[in-house]
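# Working through the structure, step by step
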Amino acid sequence: MMKKNTHLIYLKNMPFEYIRSWLLALTKAGIRPIGRQLRRKERQMQRDIDAEFTKQKNFVISRMRYVLNKGMCACVECTTKSTKGMIDDIFDDMEDQDMIDKIIVVAGTTMTVGAAYRIKKMRLSEIGINFDLKHPLAVKYLQTQRPLILAKMKDTTKEHIKPILQKAAAEGWSPQETAKLISENFAFSKTRSLMIASNEVGHAYEWGNYSVMKDVEDKGYKVEKAWETVGDDRVTEICLDNQRDGYIKYGDKFSSGDETAPTQEHPNCRCTTLYQYQ
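First things first, this report covers the structure right here in the doc. Every residue gets a number counted from 1 within its own chain, in the order that chain's sequence is written. This being a predicted model, a pLDDT of at least 70 is required before a residue's local features are given, and a value of 80 or more before pairs of side-chain atoms are given or counted; all residues contribute to the totals for chains, interfaces and linings. Hydrogens and waters are ignored; side-chain quantities use all the structure's heavy atoms.

### Some points on the overall build of the protein chain
A count of helices and strands for the protein chain gives eleven helices and three strands. Reading the protein chain from its N terminus to its C terminus gives the helix and strand order α-α-α-α-α-α-α-α-α-α-β-α-β-β. The buried share among the 278 residues of the protein chain stands at 49%. We call two residues in contact whenever any of their non-hydrogen atoms come within 4.5 Å of each other. Sequence separation of at least 24 residues holds for 77% of the intrachain contacts in the protein chain that already meet a minimum separation of 6. To be clear on the numbers: accessible area is Shrake-Rupley with a 1.4 Å probe, and residue cover counts the displayed protein chains and nothing else. Carbon and sulfur atoms provide 52% of the accessible area of the protein chain, an area that totals close to 14200 Å². To qualify as a helix, a DSSP run of H or I must reach at least 4 residues; to qualify as a strand, a run of E must reach at least 2; elements of each kind are numbered from the N terminus. Burial here depends on accessible area, computed with a 1.4 Å probe over protein chains only, as a share of the maximum for the residue type. Under 20% is buried, over 50% is exposed, and the range in between is partly exposed.

### Here we look at the pattern of salt bridges
Any two side chains of opposite charge can pair, on the condition that their charged atoms come close. Salt bridges are counted wherever a side-chain nitrogen of Lys or Arg sits within 4 Å of a carboxyl oxygen of Asp or Glu. Enumeration according to the criterion identifies 17 salt bridges in this entry. Between Lys-84 and Asp-88 there is a salt bridge, with the nearest N and O atoms lying 3.0 Å from each other. Of the two residues, Lys-84 and Asp-88 are both situated in helix α5 (residues 83-93); the distance of four residues between them amounts to about one turn of the helix. Here Glu-237 makes a salt bridge to Arg-244, at a shortest N to O gap of 3.7 Å.

### Topic: the environment of Arg-118
Turning to its location among the elements, Arg-118 is positioned in helix α6 (residues 97-121). Exposure remark for Arg-118: the relative accessible area of 6% places this residue in the buried category. It is 8.1 Å that separates the C-alpha atoms of Arg-118 and Gly-208, two residues lying 90 residues apart in sequence. If we ignore the near neighbours within four places in the chain, the residues touching Arg-118 are Leu-124, Asn-209, Val-212, Met-213, Thr-273 and Tyr-275.

### Some details on the packing of aromatic side chains
The description of two aromatic rings rests on the distance between their centres and on the angle between their planes. Pairing of aromatic rings covers Phe, Tyr and the six-membered ring of Trp, with a centre-to-centre limit of 6.5 Å; geometry is then stacked below 30 degrees between planes, edge-to-face above 60, and tilted otherwise. Using the criterion set out here, one finds seven aromatic pairs in the structure. Taking the centre distance of 4.8 Å and the plane angle of 20 degrees together, the rings of Tyr-210 and Tyr-250 count as stacked. One end of the pair, Tyr-210, is in helix α10 (residues 190-218); the other, Tyr-250, is in the loop between β2 (248-249) and β3 (272-277), with 40 residues separating them in the sequence. Overall, the relative accessible area of 2% leaves Tyr-250 in the buried class. Through a chain of ring-to-ring contacts, three or more aromatic side chains come together here, namely Tyr-141, Trp-207, Tyr-210 and Tyr-250.

### Here's the deal with the nonpolar core
The tendency in soluble globular proteins is for nonpolar side chains to be buried as a group. The set of buried Ala, Val, Leu, Ile, Met, Phe, Trp, Tyr and Cys residues whose side-chain atoms join them within 4.5 Å is what this entry labels a nonpolar core. Leu-124, Ile-161, Leu-165 and Ile-182 are the most contacted members of the largest nonpolar core, which totals 57 residues. For this core, the secondary-structure elements that each account for two or more residues are α3 (35-68), α5, α6, α7 (136-150), α8 (153-171), α9 (175-184) and α10. If sequence neighbours within four positions are ignored, Leu-165 has contacts with Val-60, Met-64, Ile-87, Ile-90, Phe-91, Thr-178 and Ile-182. Among the nonpolar cores identified, the runner-up in size contains eight residues, and Cys-239, Ile-248, Ala-261 and Cys-271 belong to it.

### Re the side chain of Ser-211
Here Ser-211 shows up in helix α10. Excluding its chain neighbours within four sequence positions, the residues that come into contact with Ser-211 are Phe-131, His-135, Leu-137 and Ala-138.

### Side note on the sheet that holds strand β1 (residues 223-228)
Should DSSP find at least two bridges between two strands, the strands are regarded as paired. The antiparallel open sheet is built from three strands, whose spatial order is β2-β1-β3. Single-partner strands in this sheet number two, and they are β2 and β3. As paired strands, β1 and β3 are joined by six bridges and run antiparallel to one another. In the strand pairing of β3, Ala-226 is matched with Leu-274. For every element, the axis is a line fit to its C-alpha atoms; helices are fit only across the contacting stretch, and the angle between N-to-C directions ranges from 0 to 180 degrees. Set on the sheet, α10 makes contact with β1 and β3; between it and β3 the angle comes to about 15 degrees.

### A closer look at a positive patch on the surface
To count toward a patch, a residue needs a relative accessible area over 30% and no salt bridge; like charges are then connected within 9 Å, while nonpolar side chains (Val, Leu, Ile, Met, Phe, Trp, Tyr) are connected within 5 Å. The positive count covers Lys and Arg only, the negative count covers Asp and Glu only, and His and the chain ends enter neither. In plain terms, the charge of a residue is placed at NZ if it is Lys, CZ if Arg, CG if Asp and CD if Glu. Together, Arg-36, Arg-40, Arg-43 and Arg-47 line one region of the surface with positive charge. With respect to the secondary-structure elements, Arg-47 resides in helix α3. On the basis of relative accessibility, which here comes to 55%, the residue Arg-47 falls in the exposed class.

### Let's talk about the pairing of β1
The element β1 is extensively covered by neighbouring structure, given that five of its six residues are classed as buried. As judged from the two bridges shared by β1 and β2, these two strands associate in the antiparallel manner. What sits directly across from Glu-224, in β2, is Lys-249.

### Thoughts on the state of the cysteines
Note on terminology: disulfide denotes any pair of cysteine sulfur atoms within 2.5 Å. Tallying each qualifying case throughout the model produces zero disulfides. Free cysteine: Cys-239, not disulfide-bonded; nearest cysteine sulfur from Cys-271 at 3.7 Å. You can see Cys-269 has no disulfide; the closest cysteine sulfur is in Cys-271, sitting 3.7 Å from it.

Below you can see the structure in the form of structure tokens.
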């Protein structure tokens, strides 16, 4: 049985301004370089996500009215389908590909920023290292790896909104009351859009760093990596264990099973990966 993501439960109850201040603290802590550029990427991605959340919210509210009017409607769908089936259809029909595509576009430019930082910091151009989005690891990330993870966002939306629709149908709530609760829910909130944007920008930036170091290894150098946390009292045991691993071989995984920071185990991981080679 899958265990509940307690980090997500904790984050969804955080005020929006608290998460924003947390991200600003991350930049000041200096754990990820070029924080100003990354914040711009986060804001761009959050605006895109907010716009798509608004479309999804309006779609759900529109379809919700059919569910609540089921008993008064004589159309084929309302007379042949169960309420549960009609609710499930809402989420099956809800569009999410535009959101995924927009996130991937920003992820690609962020990955390029991460790769450029790593090349400059370690003077990798001197050994013939460069980067573009045709890099095999970039293609894997942008076309396969990340879209599969982002496709699960719809499941999270359904997890939060479906109980509202079920209760509204069972207890005879008005469309106005139901729409209000849907609009106020975490699923379509700025708190969630900021969390997603922060998470995706962090992953893309670190993957850009990781990708160019693969090229260094391919040239015959010995590459090692280490996990670095912010070092405050909010760091999880998962990330502390990764940091305790010290420097490991480039191709090895950290204790959490991650190839590079941030961890996949919880959103808004603030860690970064250090590299060295000889």
